[in-house]
Amino acid sequence: MSTIHHLEEIAWDHLTGANGVTILLLWATVLFAGVVTYIRANPGIWSLRDFIRHCLPAAIFHHPSARADFLFWLSRRIFMPLLVVPLAISTVAAGHFAYWVLTSILGPPSHPVTPAGPITLVAFTVTMLIAYDLSYYLYHRMQHRIPILWELHKVHHSAQVMVGVTKDRVHPIDEIMNRWWDGVIPGLCYGIWLFFALDPVELTVFGINVYALRNTILMMDFVRHTHLKLSYGRHLNAIFLSPHYHQLHHSIAAKHWDRNFGLSLSIWDRMFGTLVVPEPDEDFVFGLTENEHDEYQSLYKLHVVPLKKIATRLGLSRPRHNVVRSDHHAGEAV
């Protein structure tokens, strides 16, 4: 049973997943999205200068919100080691719990102590990805329905433009709680797999670490936080949540509030009635309603304003400039 402590190493891989191959795949994914959206917007026309402008529009990258995103991304590097702790604890605890329950009911596992085959590991990878995706969807819905979580999540939604690293525009406290939650469902899934099928060896599929595979698949999380309105097409969009679908989630239009919560898969939004399909090449206005995003456009404010608003909600301080607003996203009346 001591081998379940491999979950601690998994937690780190799950959190970082950064290596040369991953970074190369990231830029390849961005280039692919840029080419597809450029061709779609300019059929029969090709200009390198226009393509560069399409991918790197000055109006977006010179926006104060973009500068705040880049500064916030750099500051996040400081907190990264702290994020491993809640994820490792929750993943290990959930894995231990699942393993203990199964052992108590069924007795010690009886699968042979031999490395699992490729088919088993592919199935393991798919189920872990599904478990993580469901975990993300559930927490994301809570962020929009629970007022205190919404105050923290406003940091992410305060972005008025999308520049890729906007995906990391997440308050450190929100990030820590998110990482803790993200370990629970995948941890339970891992504990079940370890009991029934997996030998505690390095989890690879044809020599590729399964969490490297996960991070490769999630490259689109960077693209979906850009201005590139990439759609996968009607059939793939029925399963996967394309970047354009997530960009709708950031729209301030009332008809788009609390929609498209998913990460990689669109099945959860379809299942729970939160999916909205954007019009082809539909444009969105990003940010918070009533121009509340203006309160967050500096590194200091991104960290401090949410804490002040939470303190006001809890009655620990009186509101001054940062008024706590009624908000539909937090389950309140607008």
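Residues numbered from 1 in each chain as written. Predicted model: local features only at pLDDT ≥ 70, side-chain atom pairs only at ≥ 80, totals over all residues. Heavy atoms only, no water.

Draft legend 1. Summary view of the overall build of the protein chain. For the protein chain, the helix and strand inventory stands at 15 helices and 2 strands. Buried residues in the protein chain amount to 49% of all 334 residues. In the structure as shown, the protein chain presents an accessible area of about 16300 Å², 69% of it carried by carbon and sulfur atoms. (Helix = DSSP H or I, 4+ residues; strand = E, 2+ residues; numbered from the N terminus. Buried < 20%, exposed > 50% of the residue type's maximum accessible area, 1.4 Å probe, protein only. Areas by Shrake-Rupley, 256 points an atom, 1.4 Å probe, with all protein chains shown as cover.)

Draft legend 2. Spatial organisation of the side chain of S158. Within the secondary structure, S158 sits in the loop between α7 (147-157) and α8 (172-182). Under the relative-accessibility criterion, S158 is labelled buried at 0%. Within polar-contact distance, the side chain of S158 engages the side chain of R169 at 2.9 Å. Here S158 is in contact with S65, R169, G287, L288, H293, Y296, Q297 and L302, once residues within four sequence places are set aside. (Polar contact = N/O pair within 3.5 Å; in protein donor to acceptor, adjacent residues only side chain to side chain. Contact = heavy atoms within 4.5 Å.)

Draft legend 3. Focus on the pattern of salt bridges. Taken as a whole and assessed by the stated rule, the structure comprises 13 salt bridges. Put simply, R313 and E151 hold a salt bridge, and the shortest N to O gap is 2.8 Å. Taken as a pair, R313 in helix α15 (residues 299-313) and E151 in helix α7 lie far apart in primary sequence, 162 residues in all. Here D168 ties to K167 by a salt bridge, and the two come within 3.3 Å at their closest N and O atoms. Judged by relative accessible area, which is 8%, D168 ranks as buried. (Salt bridge = Lys/Arg side-chain N within 4 Å of Asp/Glu carboxyl O.)

Draft legend 4. Quick peek at unusual backbone geometry. Positive phi, close to 55°, is recorded for N260, a residue that is not glycine. For N260, the position within the fold is in the loop between α13 (243-249) and α14 (267-272). Given a relative accessible area of 0%, N260 falls into the buried group. With phi around 60°, N291 is a residue other than glycine that occupies positive phi space. Checked against the element boundaries, N291 lands in the loop between α14 and α15.

Draft legend 5. Structural context of the nonpolar core. By size, the foremost hydrophobic cluster in this structure holds 14 residues, and its most contacted members are V163 and V223. The set of elements that each furnish at least two residues to this core consists of α2 (20-41) and α11 (220-223). If we skip the residues at most four places from it in the chain, V223 touches T29, V30, A33, L228, L230, P243 and Q247. Counting residues in each nonpolar core, the second largest holds 10 residues, with Y99, A131, Y190 and L194 among its members. (Core = buried A, V, L, I, M, F, W, Y, C linked by side-chain atoms within 4.5 Å.)

Draft legend 6. Geometry of the confidence of the model for the protein chain. Per-chain confidence: the protein chain averages 83 in pLDDT, with 77% of residues scoring 70 or above. Counted against residues more than four places away or in other chains, residues 1-5, with its pLDDT under 50, gives 10 contacts. In the predicted structure, residues 204-208 sits below a pLDDT of 50 and forms 11 contacts with residues beyond four places in sequence or in another chain. (pLDDT = per-residue confidence, 0-100.)

Draft legend 7. Up close: the environment of W100. Within the secondary structure, W100 is located in helix α5 (residues 64-106). By relative accessible area, which is 56% here, W100 ends up exposed. C-alpha separation for the pair W100 and F195, spaced 95 residues apart in sequence, amounts to 9.2 Å.

Draft legend 8. A look at the packing of aromatic side chains. Here the structure, examined in full by the defined rule, presents 9 aromatic pairs. A centroid spacing of 6.1 Å and a plane angle of 65° characterise the contact between W27 and F222, whose relative ring orientation is edge-to-face. In this pair, W27 is assigned in helix α2 and F222 in helix α11, connecting sequence segments 195 residues apart. Note on W27: relative accessible area 52%, which makes it exposed. With a centroid separation of 5.8 Å and 90° between ring planes, the pair formed by F124 and W193 is classed as edge-to-face. In this pair, F124 is assigned in helix α6 (residues 118-145) and W193 in helix α9 (residues 184-196), connecting sequence segments 69 residues apart. On the basis of relative accessibility, which here comes to 0%, the residue F124 falls in the buried class. Connected via pairs of aromatic rings, a cluster forms that spans Y38, W46 and F51. (Phe/Tyr/Trp six-rings, centres within 6.5 Å; stacked < 30°, edge-to-face > 60°.)

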